[in-house]
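Here is what each chain is made of, one letter per residue.
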Amino acid sequence: MLNQIKGLHHVTSMAGSASQNNKFFTDTLGLRRVKKTVNFDAPDVYHLYYGDELGTPGSVMTYFPFPHIAKGRPGTGEVGTTVFSVPQGTLSYWSDRLGKAGVDGLKADEAFGEKRLHFAGPDGDGFALVEVKDDARAAWTGNGVGADEAIRGFHSASLRLRDEGATGELLSFMGYEKVDEKDGVLRFGIPGGNGADFIDVETMPNISGARLGAGSVHHIAFAVENRAKQLEVRKALMDTGYQVTPVIDRDYFWAIYFRTPGGVLFEIATNEPGFDRDEDTAHLGEALKLPTQHEHLRKQLEEHLEPIA
Ligand code: ZN
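Attention in this report is confined to the structure presented alongside it. (Residues numbered from 1 in each chain as written. Predicted model: local features only at pLDDT ≥ 70, side-chain atom pairs only at ≥ 80, totals over all residues. Heavy atoms only, no water.)

1. Thoughts on unusual backbone geometry
Part 1 of the argument: The peptide bond linking Glu272 to Pro273 adopts the cis configuration, its omega dihedral lying at -5°.
Part 2 of the argument: Among the secondary structure elements, Pro273 is positioned in strand S16 (residues 265-273).
Part 3 of the argument: A positive phi is found at Asp251, a non-glycine position, where the angle reads about 70°.
Part 4 of the argument: Considering the arrangement of structural elements, one finds Asp251 in the loop between strand S14 (248-249) and strand S15 (253-259).
Part 5 of the argument: When its relative accessible area of 15% is taken as the criterion, Asp251 is described as buried. (Helix = DSSP H or I, 4+ residues; strand = E, 2+ residues; numbered from the N terminus. Buried < 20%, exposed > 50% of the residue type's maximum accessible area, 1.4 Å probe, protein only.)

In structure tokens, the structure reads:
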């Protein structure tokens, strides 16, 4: 069993409009845009990152906005709900705030003894806020949500699977422990994690596979401290029979990817070097940053990409 993984690193999804996406995560949810860059493999598409002040691993929601993409169809083999942590007693504030912003899908419930507020992202993305007592992570307060209410980072994500068996075994191998089970949902937690500590596995044997599109999660990334730990995880996964990509430099972290038995794409990402490697902390996310190999396209890209505030 591995002990290098410390919770979630980031969650990456697909969007339609970049400006709508940007407005939602900064104005409505109050997160900080910590990087404005482009997709390494399709540089005419943005890659937008939102999180806390520095884009601390475990707080980072990222998007590929494709202007004309069709909506995704929810199903199995994907991340269902991405859940953010907020302080205790703040769900009425959030319900009011999201309601006033015209956010869809508001629904309060309770799971594993925690109060949650479900809501939909601009493309129907499945999100929830959960009240967490004493989450010590610092909140970003630069976008109009005060420290008493602001999002602390991720709390968890759910995986929708036809069959949880092999994925449950994989999570256990990755260092997760089964911590609870309620109404057919298995909760796994990582000991000594970064705060984004839980994975909820929902088994849906009769639901067909998801179709990727706007509002769908593309992949979910788990955090390791550094490249040495990442190589240990890569070797262990490959020794277990997983096909894992080589280490890929993503400028702000190093990444490896592998497809899980239930169909979800997992990434293992390093905490180093971080989003402040090429920008001052005070101005994170403001300028368009391009991967070196795409720098020669800057003029075209600046004309082509949808302007965002
Ligand atoms: Zn990623």
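2. So, the coordination of the zinc ion
Part 1 of the argument: The zinc ion binds to the protein through His10 (NE2), His219 (NE2) and Glu267 (OE), with metal-donor distances spanning 1.9 to 2.0 Å.
Part 2 of the argument: Between consecutive donors of the zinc ion, the numbers of intervening residues give the motif H-x208-H-x47-E. Taken together, the residues His10 in strand S1 (residues 8-15) and His219 in strand S13 (residues 217-224) connect sequence positions 209 residues apart.
Part 3 of the argument: Here His219 falls in the buried class, since its relative accessible area comes to 5%. (Donors = N, O, S within 2.8 Å, 3.2 Å for Na, K, Ca; no water.)

3. Here we look at the sheet that holds S1
Part 1 of the argument: What the eight strands build is an open sheet, ordered S2-S3-S4-S1-S13-S16-S15-S14; its pairing is mixed. Of all strands in the sheet, those bounded by a partner on one side alone are strand S2 (32-38) and S14.
Part 2 of the argument: Here five bridges tie S1 to S13, and the two strands are oriented antiparallel to one another. Residue pairing for S13: Leu8 is matched across the bridge by Phe222. (Pairing = 2+ DSSP bridges.)

4. Concerning the pattern of salt bridges
Part 1 of the argument: The final tally for this structure, using the stated rule, is 14 salt bridges.
Part 2 of the argument: With a closest N to O distance of 2.7 Å, Lys235 and Asp239 form a salt bridge. Of this pair, Lys235 and Asp239 are both found in helix H4 (residues 227-239), four residues apart, which corresponds to roughly one turn of the helix. Asp239 matches Lys235 in its accessibility class, with the two residues each being exposed.
Part 3 of the argument: Among the ionic pairs, Arg298 bridges to Glu295, the shortest N-O distance being 2.5 Å.
Part 4 of the argument: Among the residues examined, Arg298 registers a relative accessible area of 22% and is labelled partly exposed.
Part 5 of the argument: Classification of Glu295 by relative accessible area gives partly exposed; the value is 33%.
Part 6 of the argument: Three or more residues are tied together by salt bridges with common partners; here these are Lys35, Asp278 and Glu279. (Salt bridge = Lys/Arg side-chain N within 4 Å of Asp/Glu carboxyl O.)

5. Here's the deal with the packing of aromatic side chains
Part 1 of the argument: In the structure shown here, the tally under the stated rule is 17 aromatic pairs.
Part 2 of the argument: Here the aromatic rings of Phe222 and Phe266 are separated by 4.7 Å at their centres, their planes lie at 55°, and the arrangement is tilted. Of this pair, Phe222 sits in strand S13 while Phe266 sits in strand S16, placing them 44 residues apart in sequence.
Part 3 of the argument: Taking relative accessible area as the criterion, Phe222 reaches 0% and is therefore assigned buried. (Phe/Tyr/Trp six-rings, centres within 6.5 Å; stacked < 30°, edge-to-face > 60°.)

6. Observations regarding the side chain of Ser156
Part 1 of the argument: Among the structural elements, Ser156 can be located in strand S9 (residues 153-161).
Part 2 of the argument: Given a relative accessible area of 1%, Ser156 falls into the buried group.
Part 3 of the argument: At 2.8 Å, the side chain of Ser156 forms a polar contact with the side chain of His155.
Part 4 of the argument: Contact partners of Ser156, with chain neighbours within four places excluded, come to Leu8, Thr81, Thr82, Val83, Arg187 and Phe198. (Polar contact = N/O pair within 3.5 Å; in protein donor to acceptor, adjacent residues only side chain to side chain. Contact = heavy atoms within 4.5 Å.)

7. Describing the side chain of Asp251
Part 1 of the argument: Within the buried set, Asp251 has no salt-bridge partner at all; the shortest N-O distance to an opposite charge, 4.2 Å, is to Arg277.
Part 2 of the argument: The contacts of Asp251, once residues within four sequence positions are left out, are Phe40, Pro273, Arg277 and Pro291. (Lys, Arg positive; Asp, Glu negative; His and termini not counted.)

8. Side note on H4
Part 1 of the argument: For H4, built from 13 residues, the straight-helix expectation of 18 Å at 1.5 Å per residue is met to within 8% by its first-to-last C-alpha distance of 18 Å.
Part 2 of the argument: When H4 is considered as a whole, its buried residues turn out to be Gln230, Val233, Ala236 and Leu237. On an axial view of H4, the arc spanned by its buried residues comes to 130°, and they lie on one face. Facing away from the buried side of H4 by more than 90 degrees, the exposed set consists of Lys235 and Asp239.
Part 3 of the argument: Here the buried face of H4 lies against helix H3 (165-173), S13, S15 and S16.
Part 4 of the argument: Of the residues flanking the end of H4, it is Gly241, one or two places downstream, whose phi is positive at about 110°. (Expected span 1.5 Å × (residues − 1). Arc of directions from axis to C-beta.)

9. Observations regarding the sheet that holds S9
Part 1 of the argument: With respect to topology, eight strands assemble into an open sheet ordered S6-S7-S8-S5-S9-S12-S11-S10, the strand pairing being mixed. Lying at the two open borders of the sheet, with one neighbouring strand each, are strand S6 (107-111) and strand S10 (177-182). Across the sheet, the mean angle separating the axes of adjacent strands is 25° when strand polarity is ignored.
Part 2 of the argument: Sheet topology places S6 next to strand S7 (residues 114-120); five bridges connect them, and they run antiparallel. Residue Ala111 lies in a different strand from S7, and its bridge partner there is Glu114.
Part 3 of the argument: Contacts from helix H2 (residues 91-100) reach strand S5 (78-87), S7 and strand S8 (126-132) within the one sheet, and its direction differs from that of S7 by about 10°.
Part 4 of the argument: Here H3 sits on the sheet and contacts S9, strand S11 (185-189) and strand S12 (198-203); the angle it forms with S11, its principal contact strand, is near 15°. (Axes fitted to C-alpha atoms, helices over the stretch in contact; angles between N-to-C directions.)

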